[in-house]
Amino acid sequence: MPRDPETLALIALSADEYDQIVARLDREPNDVELGMFGAMWSEHCGYKNSKPLLRLFPSTGPQVLTTRGGENAGAVDIGGGYCAVFKIESHNHPSAVEPYQGAATGVGGIVRDIFAMGARPIAILDSLRFGPLRGKRANGQADKGNERNARNRALFRGVVAGIGGYGNCLGVPTVGGEVSFSESYDGNPLVNAMCVGVARTDDLLSAVATGAGNPVILVGADTGRDGIGGANVLASRTFEKRRPLNSTTPSAAPSEAGSEELRPTVQVGNPFLEKLLMEACVELAEKHGNWIVGLQDLGAAGLTSSMVECAARGESGVDIDVALVPRREEGMTAYEVMLSESQERMLVIAKKEHEAEVLGHFRRWEIHADVIGHVTDDGVVRIRDGSRSVVNVPAELFTEPPEYRRQGTKPKGLDELQTYDLAFLPDIVAWEQGPMDANAALLQLLASPEIASKRWVWRQYDHQVLTNTVQGPGSDAAVLRIKDIAPGAIALATDGNGVKTYLDPFAGGALAVAEACRNVACSGARPIAVTDCLNFGNPERLDVYFQLEEAVRGMAAACETLGVPVVSGNVSLFNESDGTAIYPTPVVGALGIMDDASKAVPMGFQGESDVVYLIGASAEHRGDDEALLGDAIELAGSEYLRQMHGLVAGSVRIDLALEARVQHVLVEAATAGLLRSAHDCSHGGLAVTLAESCLQRGIGFISEGLKLSGRRDAALFGETASRIVVSVGQDDVADLQGLLSREGVPYVRLGRTGGNRLLLAGSVDAALAGLSEAFEGGLATALTEE
């Protein structure tokens, strides 16, 4: 293989890194060794640009059972001798090339990470980002002919179908997630999948190879040529820097032509085989865990990464004969076998005295199982192809890539965006007082794909299978009963805001953690840990590195304040197309626990005449009335600002100390049975939050003694953090107010539930039927073909 820089770039290696490999080996690597180094030293596997920053995250806590980065996923104690195992991971680049298979195999991969630890997967969540589904002409009308919008619609449909197609076949419910849209994601969608499993703590497995002579067994699908180069060719470079392996010209991604050229690097999934593999592995862990030493899935970089990582964790070596690897294609080379990312495969390190039982176990499930090598005690990775030696490298050399710590620079123009004077923008008027009235703005926001109901998405997912789902899609957080520790339950949520992270990476990172945990707290669960997926552009660009570092610092600060360690995660860098990076998008998955699933708090209003409060916010007292003050700064990074003014600007802020108090009081109030409903006030601000609370069960809202002062648009649609709309029965008003006062959490009494309209402070007067039509039909309308 030529050693020119362009060829090295194809496998995500620089000339300097190649020189380091030569120096460490004291010789030139052969083609197979070089390919393995390229995969293991890629950003996707080696985290060479992000690992120094990831160390900033708190990763320990009283309920944490694993070491971050030491296993396939993080595990936390949920009581009763059981633990929750969870992780979020990206499949962005494959989904940009082939949306159905990219998303489907993303689900398959994250599910394997969970059952590789011996846990039974019980829930999937997905956090998705796409370019706009519809454009606008100069006159403001929808431009249905825009090719990029058509491509975005195709990506969106394909990804949603892939998630449902794979997850539904597995019998694992997809219970939550989020979908967001922005020009920033044109041609480079973000597909982040989170999976949660449950296991007896004593049954947890490790991805480790120890014990000289123990057999290395490959189980699952036969190996093919699909996915070769997925880790380094596809996932560790920008689209502009990728070149198909059989071409001398750069790929034209995100065009259809460029996608065709890159499709061989995308894996192809078989969910029915994965279902068998999942059941066989879970049963092995639960009934015969003493037969094996370790279990590892074959994901990015295939056999290379799984084998090398197991050996390195066990401070052992391995001796593998690729001629023993079952194949579904003829003429495959050792290079192709080692770097294939064919799906639905696992590596089992069995105890030699139980080899026959392990092979028999998988064959009983009608799954291929073949011994392909054995563990050694010298720390060396040896790969043979029959009698021919092809690799002889110490395992630690593969797992110790160089690390890069840069001095980032603030993006040009960011100061101007942060100091943009939003007070000069025209305010809206009360309903029916002008063309830009509050009713019209509310309807437009509710109908926008960003805020509109995602029922079109989640109705394609089975979210009730396994019969654990107490609250599912459409709620702030999913709640699942854990039958083994009944009446206990867990709550799950994902969150992230690329726009706000773009405007202030530190605050945006903190907000991602805070909002995910706040959504969990809204359900009544206490957040105990998080997993993260960091989606950013090319870190070699100093402005992108600045975004990455500041976002990580903000996330770390929020985790410390809220007491939630980061127990697992994933980094997806080089998310760029046409030379432009996506918005920096840290996505956080939060997990919380509650003692009694029957006390889970719903999102929507539950009945007539309940009292409604906005907690986390204060008001001015004017005689017998209260006035919500609207300040232009509250519009920073808001969806209202994007929709109504086409503007992304402002100074994003969060008070983490207040956030911690708000979340604590939510959990306390829920545990005491005081809350009838709770809904996070975020996208679209107060007016949208109230509308969504009304629409859940068709129960209206009437404000009482509430006025708006200052800017009406900021009071109605501003997105100040740490605010929750809650409803309580009239008998519990005094107890709730006493709790809020004792905990130092500000609050405003907004009004009461009832009727079939949303009546808000003389500014909004809208029938629920009209609001529902906009909210439920917005996404489907945007997806309508020309």
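Residues numbered from 1 in each chain as written. Predicted model: local features only at pLDDT ≥ 70, side-chain atom pairs only at ≥ 80, totals over all residues. Heavy atoms only, no water.

Peer 1: I'm lost on the packing of aromatic side chains in this one. Help?
Peer 2: For any pair of aromatic rings, geometry is given as the distance between the ring centres together with the angle between the planes. Applying the stated criterion across every chain yields a total of 11 aromatic pairs. A centroid spacing of 5.1 Å and a plane angle of 85° characterise the contact between Phe-130 and Phe-156, whose relative ring orientation is edge-to-face. In this pair, Phe-130 is assigned in strand S3 (residues 120-130) and Phe-156 in helix H8 (residues 147-170), connecting sequence segments 26 residues apart. Residue class for Phe-130 comes out buried when judged on its relative accessible area of 1%. Ring plane angle 70° and centroid distance 5.8 Å describe the contact between Tyr-613 and Tyr-747, whose orientation is recorded as edge-to-face. Residue Tyr-613 is located in strand S23 (residues 611-615), and its partner Tyr-747 is located in strand S30 (residues 747-753); the two are separated by 134 residues in the primary sequence. We classify Tyr-613 as buried; its relative accessible area is 0%. An aromatic cluster is built from Phe-130, Phe-156, Phe-181 and Trp-456, whose rings are joined through pairwise contacts. (Phe/Tyr/Trp six-rings, centres within 6.5 Å; stacked < 30°, edge-to-face > 60°. Helix = DSSP H or I, 4+ residues; strand = E, 2+ residues; numbered from the N terminus. Buried < 20%, exposed > 50% of the residue type's maximum accessible area, 1.4 Å probe, protein only.)

Peer 1: Please clarify how the confidence of the model for the protein should be interpreted in this entry.
Peer 2: Reading predicted coordinates in detail is not appropriate for stretches of low pLDDT. Looking at the protein as a whole, the pLDDT averages 92, with 92% of positions reaching at least 70. Contacts for the low-pLDDT stretch residues 241-258, under 50 throughout, to residues beyond four places or in other chains number 39 contacts. (pLDDT = per-residue confidence, 0-100. Contact = heavy atoms within 4.5 Å.)

Peer 1: Is there a simple way to think about unusual backbone geometry in this case?
Peer 2: Most peptide bonds take the trans form, and the phi angle of most residues other than glycine is negative. With an omega of 10°, the peptide bond running from Ala-486 to Pro-487 counts as cis. Turning to its location among the elements, Pro-487 is positioned in the loop between strand S16 (478-481) and strand S17 (489-495). Phi is positive for Glu-315, which is not a glycine, with a value near 50°. Topologically, Glu-315 is positioned in the loop between helix H12 (302-313) and strand S10 (317-321). Unlike most non-glycine residues, Ser-722 shows phi in positive territory, near 70°. Judged by relative accessible area, Ser-722 falls into the buried class, the value being 1%.

Peer 1: What is the right way to look at helix H2 (residues 15-25) in this model?
Peer 2: For an α-helix, the turn length of 3.6 residues means that residues three or four places apart are oriented alike. Along H2, the residues that are buried comprise Glu-17, Tyr-18, Ile-21 and Leu-25. With its buried residues spanning 105° around the axis, H2 presents them on a single face. (Arc of directions from axis to C-beta.)

Peer 1: Would you mind going over the sheet that holds S30 with me for this structure?
Peer 2: Think of a sheet as strands paired side by side through backbone hydrogen bonds, with each pair either parallel or antiparallel. Ordered by their spatial adjacency, seven strands build an open sheet running S26-S29-S23-S30-S27-S31-S32, and the pairing between neighbours is mixed. Two strands close off the open sheet at either side, each with one partner strand: strand S26 (677-680) and strand S32 (764-767). Strand after strand, the sheet turns through a mean of 20° between neighbouring axes, direction not considered. As paired strands, strand S31 (residues 757-760) and S32 are joined by four bridges and run antiparallel to one another. (Pairing = 2+ DSSP bridges. Axes fitted to C-alpha atoms, helices over the stretch in contact; angles between N-to-C directions.)

Peer 1: Would you mind showing me how to read the pairing of strand S2 (residues 82-90) here?
Peer 2: Look at any regular strand and the pattern is simple: side chains alternate between the two faces of the sheet. Of all nine residues that make up S2, eight are buried, and the element is covered over most of its length. Pairing between strand S1 (residues 74-79) and S2: five bridges, direction antiparallel. From the neighbouring strand, Asp-77 faces S2, where its bridge partner is Cys-83. The turn linking S1 back onto S2 is made up of two residues, and Gly-80 within it adopts a positive phi angle of 65°. Where S2 meets strand S7 (residues 190-200), nine bridges bridge the pair, whose relative direction is antiparallel. Residue pairing in the sheet places Ile-88 in a bridge with Met-194 of S7.

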